[in-house]
Amino acid sequence: MKIQSPPGMRDFYPDQMCVQNWLFDLWRSVSRSYGFQEYEGPIFEYLDLYRLKSGEGIVSEVFAFQDRGGREFAIRPEMTPTLARMVAARANALPRPIKWFSIPRMCRAEKPQRGRLREFFQWNADVLGSEDALADAEVIAVAVEFFRRAGLRDEEFVVRVNHRELAAEVLAAHGIDTERQQAAFQLIDRADRLGELEFARQWNESFAASLPADSLRALLADDDLERCCAHAQRAGQAGAAAAQALRQLWERLEQLGVRPACAFDLSIVRGLAYYTGTVFEAHMRQGGLRALAGGGRYDNLTGLLDGPRVPGVGFGMGDAPVLEALRQLGRLPQASEQLDVFVIDADANLFPRALTITQHLRRAGLAADYSYRRATIGKQLKEAAGRRARFALIIGEELDQRGELGLKDLETGAQRAVRLDTITSDPRAVIGVGGPMPGNTGVSPVA
Ligand code: HAM
């Protein structure tokens, strides 16, 4: 019986894994350049964590199960509740601001489609412990920095930004009160997915008496930040605070140099229940893909977990939509595993020496390999090229005659003699390739 991988799940063959690692390296390097530290959490949590924190939308998409004791768990569909739980547990001990990032693997029982899968990786970058609009601006800047470093131009993507209170004011002004606003936000969040007609049908079913779908669309299409802020300011205290927060955010985005990649968009409300302030989503300006990233401010999440109140803001970005966007633009990097050196024996009798020399190279941190078949130099060179080796180290009779080996640059074809003693004492200096010695990650050995 042939069994395939389940729908919406992926196998990563080595070439695809190289692309994944390229993306993860970029996510890590952008996070670190903005001063974020990496954390991780468990792959599943108590289902209640999501029931309490994420809201209906996400709970309907979790893969849930019971253990033998009848306890209910869910594979994580998002990271923010775990982050809030971890921060709440140590809230008083953690220095502020808490700037953390993570690249968790997660699952959602969604209908698989382009850029949306059932299992995916999601980069999360969050700042907790600050209510300053600087934190909101900084997480947006982190997302923009990623897109720019991935090779996208500001004209190709956009971070659409709004404030939940601004949208709440629009709804409240038309009689949609606080109790009904969460349902309204969830529906507005799904508008693109539903399509114009279906959205109008569902909206009008619940809200037509207060605000018909057509009028709502017209209101949310207003992209004039100043006009919307002025409206909100007149509406009351919450509206005035939102307008002020948004203006401050806009200034910070300007100062951080990311303002050209951002746009005010009153229709961005986000579906998750916990957002309290700024909300934003990154989209391709063209291409019909769903959001590449989404996030916002959540100031009450740790408090809901019986911890002290720690305000937070951050975003999640999926690997699948980002790679799909790069693929559509033809900008997916051509990544594949490479060797530094391929060791070749000119004669099968020399193979044991080739093994010893290869071990020297490996111990020095170089990626080195050899053929499993004893074949002519020509065939071994072909194999070296197929393995994308940078150099071939050829062991021939000169080894016994003069203590020398041949080092062939497989990019230029140039070959030179190198001494065995220098190759074994400091191969990285002689060969001149290889990244930093693995294991050198800033972790000091324990005495
Ligand atoms: P979200 O909007 O549910 O927010 O997801 C954020 C991003 O994760 C999406 O924009 C998309 O890039 C990616 N994503 C979501 N679902 C899928 C899927 N099925 N397949 C592939 N990618 C997907 C959250 O998850 C919030 N917890 C983000 C956050 C962090 N807010 C504050 N901090």
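Residues numbered from 1 in each chain as written. Predicted model: local features only at pLDDT ≥ 70, side-chain atom pairs only at ≥ 80, totals over all residues. Heavy atoms only, no water.

## Considering the packing of aromatic side chains
Under the definition given, this model contains 21 aromatic pairs. With 5.4 Å between their ring centres and 35 degrees between their planes, tyrosine 39 and tryptophan 100 make a pair best called tilted. One end of the pair, tyrosine 39, is in the loop between strand E1 (37-38) and strand E2 (44-46); the other, tryptophan 100, is in strand E5 (residues 98-102), and 61 residues separate them in sequence. Each of the two residues, tyrosine 39 as well as tryptophan 100, counts as buried. When the ring centre of phenylalanine 351 is taken as origin, the NZ or CZ atom of arginine 374, which lies over that ring, is 3.6 Å away. (Phe/Tyr/Trp six-rings, centres within 6.5 Å; stacked < 30°, edge-to-face > 60°. Helix = DSSP H or I, 4+ residues; strand = E, 2+ residues; numbered from the N terminus. Buried < 20%, exposed > 50% of the residue type's maximum accessible area, 1.4 Å probe, protein only. Lys NZ or Arg CZ within 6 Å of the ring centre and 35° of its normal.)

## Thoughts on the pattern of salt bridges
If you walk through the whole model with that rule in mind, you get 39 salt bridges. Taking the shortest distance from any N to any O, the salt bridge between arginine 149 and glutamate 145 comes out at 3.0 Å. Taken together, the residues span about one helical turn, with arginine 149 and glutamate 145 both in helix H5 (residues 133-149) at a distance of 4 residues. On the basis of relative accessibility, which here comes to 23%, the residue glutamate 145 falls in the partly exposed class. A salt bridge links arginine 193 to aspartate 189; the nearest nitrogen and oxygen atoms lie 3.3 Å apart. Overall, the relative accessible area of 42% leaves arginine 193 in the partly exposed class. By relative accessible area, which is 21% here, aspartate 189 ends up partly exposed. One salt-bridge network, held together by shared partners, links Glu131, Asp136, Arg297, Asp299 and Arg309. (Salt bridge = Lys/Arg side-chain N within 4 Å of Asp/Glu carboxyl O.)

## What to know about the side chain of glutamine 181
Secondary-structure assignment places glutamine 181 in helix H7 (residues 178-189). Side-chain polar atoms of glutamine 181 contact the backbone oxygen of alanine 168, separated by 3.4 Å. Filtering out sequence-adjacent residues up to four positions away, glutamine 181 remains in contact with Ala168, Leu171, Ala172 and Ile176. (Polar contact = N/O pair within 3.5 Å; in protein donor to acceptor, adjacent residues only side chain to side chain. Contact = heavy atoms within 4.5 Å.)

## Here we look at the site of the ligand
With respect to spatial proximity, 27 residues lie near the ligand, and among them Glu78, Thr80, Leu117, Asp126 and Tyr275 are the closest. Arginine 270 places a polar side-chain atom, nitrogen or oxygen, 2.8 Å from an oxygen atom of the ligand. Residue alanine 293 places a main-chain N or O atom 3.4 Å away from an oxygen atom belonging to the ligand. Relative to its free-state accessible area of 660 Å², the ligand is covered by the protein chains to the extent of 96%. Listing elements by their share of the shell around the ligand, those giving two or more residues are strand E7 (119-128), strand E11 (293-298) and strand E12 (312-318). Broken down by element, the shell around the ligand gets its largest block of residues, 5 residues, from E12. Looking at the shell around the ligand residue by residue, the classes come out as 12 nonpolar, 9 polar and 6 charged. (Near = heavy atom within 4 Å. Areas by Shrake-Rupley, 256 points an atom, 1.4 Å probe, with all protein chains shown as cover. Nonpolar A, V, L, I, M, F, W, Y, C, P; charged D, E, K, R; others polar.)

## Here's the deal with the pairing of strand E16 (residues 404-409)
With 6 of 6 residues buried, E16 lies mostly within the body of the structure. Covered by surrounding structure in E16 are Glu404, Gly406 and Lys408 together with Leu405, Leu407 and Asp409, the residues of both alternating faces. For strand E15 (residues 389-395) and E16, the ladder comprises 4 bridges, and the chain directions are antiparallel. When the sheet's bridge partners are listed, leucine 393 is paired in E16 with leucine 407. Across 5 bridges, E16 lies against strand E17 (residues 415-419) in antiparallel orientation. Across the sheet, the residue bridging to leucine 407 is arginine 416, located in E17. Where E16 folds back onto E17 in an antiparallel hairpin, the turn is made up of 5 residues, including glycine 413, whose phi is positive at roughly 85 degrees. (Pairing = 2+ DSSP bridges.)

## Details of the sheet that holds strand E4 (residues 72-75)
The 3 strands lie next to each other as E2-E4-E3, forming an open sheet whose pairing is antiparallel. The two strands at the open ends of the sheet, each matched to only one other strand, are E2 and strand E3 (64-66). Going across the sheet, the axis of each strand differs from the next one's by a mean of 35 degrees, ignoring polarity. (Axes fitted to C-alpha atoms, helices over the stretch in contact; angles between N-to-C directions.)

## Comments concerning the environment of proline 14
Mapped onto the elements of the fold, proline 14 is located in helix H1 (residues 14-33). In this structure proline 14 comes out as exposed when scored by relative accessible area, which is 57%. Placed 321 residues apart in sequence, proline 14 and alanine 335 show a C-alpha to C-alpha distance of 9.8 Å.

## Re H1
Given a rise of 1.5 Å per residue, 20 residues ought to cover 28 Å, and the 28 Å separating the end C-alpha atoms of H1 matches this to within 8%. Within H1 the residues assigned to the buried category are Cys18, Val19, Gln20, Leu23, Phe24, Leu26, Trp27, Val30 and Ser31. Considering only its buried residues, H1 is in contact with E5, E7, H5, E12 and helix H14 (319-328). (Expected span 1.5 Å × (residues − 1).)

## Points about a nonpolar patch on the surface
Nonpolar side chains collect at one region of the surface, where Ile43, Phe44 and Phe65 lie side by side and expose about 250 Å² of accessible area between them. Within the secondary structure layout, phenylalanine 65 lies in strand E3. (Patch = residues over 30% accessible without salt bridge, like charges linked within 9 Å, V, L, I, M, F, W, Y side chains within 5 Å.)

## Details of the nonpolar core
Of all hydrophobic cores here, the largest spans 79 residues; its most connected members are Trp123, Phe146, Trp203, Phe315 and Met317. Apart from the residues within four sequence positions on either side, methionine 317 is in contact with Trp27, Phe121, Gln122, Trp123, Ala143, Phe146, Phe147, Leu292, Ala293 and Val322. Core analysis: the second largest hydrophobic core is formed by 26 residues, Tyr39, Tyr50, Ala91 and Tyr298 among them. (Core = buried A, V, L, I, M, F, W, Y, C linked by side-chain atoms within 4.5 Å.)

## Structural notes on the environment of phenylalanine 185
When you line up the elements, phenylalanine 185 lands in helix H7. Separated by 122 residues in the primary sequence, phenylalanine 185 and phenylalanine 63 have C-alpha atoms spaced 24 Å apart. Setting aside its immediate chain neighbours within four residues, phenylalanine 185 contacts Arg164, Ala167, Ala168, Leu171, Val269 and Arg270.

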